[in-house]
Amino acid sequence: MPILEFYCPNCDEVFEELVRSSQKKSSIACPTCKNKQVSRQVSVFSARGASAEKAASVPSACGRCGDPNGPCAS
Ligand SMILES: [Zn+2]
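Notes on the structure in this doc start here.

The rules behind these values
Residues numbered from 1 in each chain as written. Predicted model: local features only at pLDDT ≥ 70, side-chain atom pairs only at ≥ 80, totals over all residues. Heavy atoms only, no water. Salt bridge = Lys/Arg side-chain N within 4 Å of Asp/Glu carboxyl O. Helix = DSSP H or I, 4+ residues; strand = E, 2+ residues; numbered from the N terminus. Buried < 20%, exposed > 50% of the residue type's maximum accessible area, 1.4 Å probe, protein only. Donors = N, O, S within 2.8 Å, 3.2 Å for Na, K, Ca; no water. Tetrahedral: all angles 85-135°; square planar, octahedral: opposite > 155°, others 65-115°.

### Considerations on the pattern of salt bridges
Phase 1: Using the criterion set out here, one finds 1 salt bridge in the structure.
Phase 2: Where Arg40 meets Asp67, a salt bridge forms, and the shortest distance between an N and an O atom there is 3.5 Å. Taken as a pair, Arg40 in strand S3 (residues 39–41) and Asp67 in the segment after helix H2 (52–56) lie far apart in primary sequence, 27 residues in all.
Phase 3: In this structure Arg40 comes out as partly exposed when scored by relative accessible area, which is 26%.

### Observations concerning unusual backbone geometry
Phase 1: The phi dihedral of Asp12 falls on the positive side, at around 55 degrees, and the residue is not glycine.
Phase 2: Note on placement: Asp12 falls in the loop between strand S1 (3–8) and strand S2 (13–18).
Phase 3: A relative accessible area of 56% places Asp12 in the exposed class.
Phase 4: Not every positive phi belongs to a glycine, and Lys34 is a case in point at roughly 65 degrees.
Phase 5: Looking at where Lys34 falls in the secondary structure, it is placed in the loop between S2 and S3.

### Let's talk about the coordination of the zinc ion
Tetrahedral coordination by four donors sets the ideal angle at the metal to 109.5 degrees; octahedral coordination by six donors sets it to 90 or 180 degrees.
Phase 1: Protein-derived coordination of the zinc ion comes from Cys8 (SG), Cys11 (SG), Cys30 (SG) and Cys33 (SG), at a distance range of 2.2 to 2.4 Å.
Phase 2: If you look at the zinc ion, its 4 donor atoms make angles of 104 to 115 degrees with each other, and the shape they trace is tetrahedral.
Phase 3: In the primary sequence, the donor residues of the zinc ion line up as C-x2-C-x18-C-x2-C.
Phase 4: The buried category is assigned to Cys8, whose relative accessible area is 0%.

Written out as structure tokens, the structure is:
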């Protein structure tokens, strides 16, 4: 199961959330203020570069953006 990073503009804080494939993204809320207007953090993961090789070996992950849910359509 992928652990995704989200950013809460209310707290100005990044938190990690374990997301099940069946879980709707709209159900994700900030653990601190319960704000649901959180944005997905994608660039942080790839910017670190530490997991780049590991991510590339996962066939189901998107090679462009590192999305563990699968390749981007466009
Ligand atoms: Zn918050």
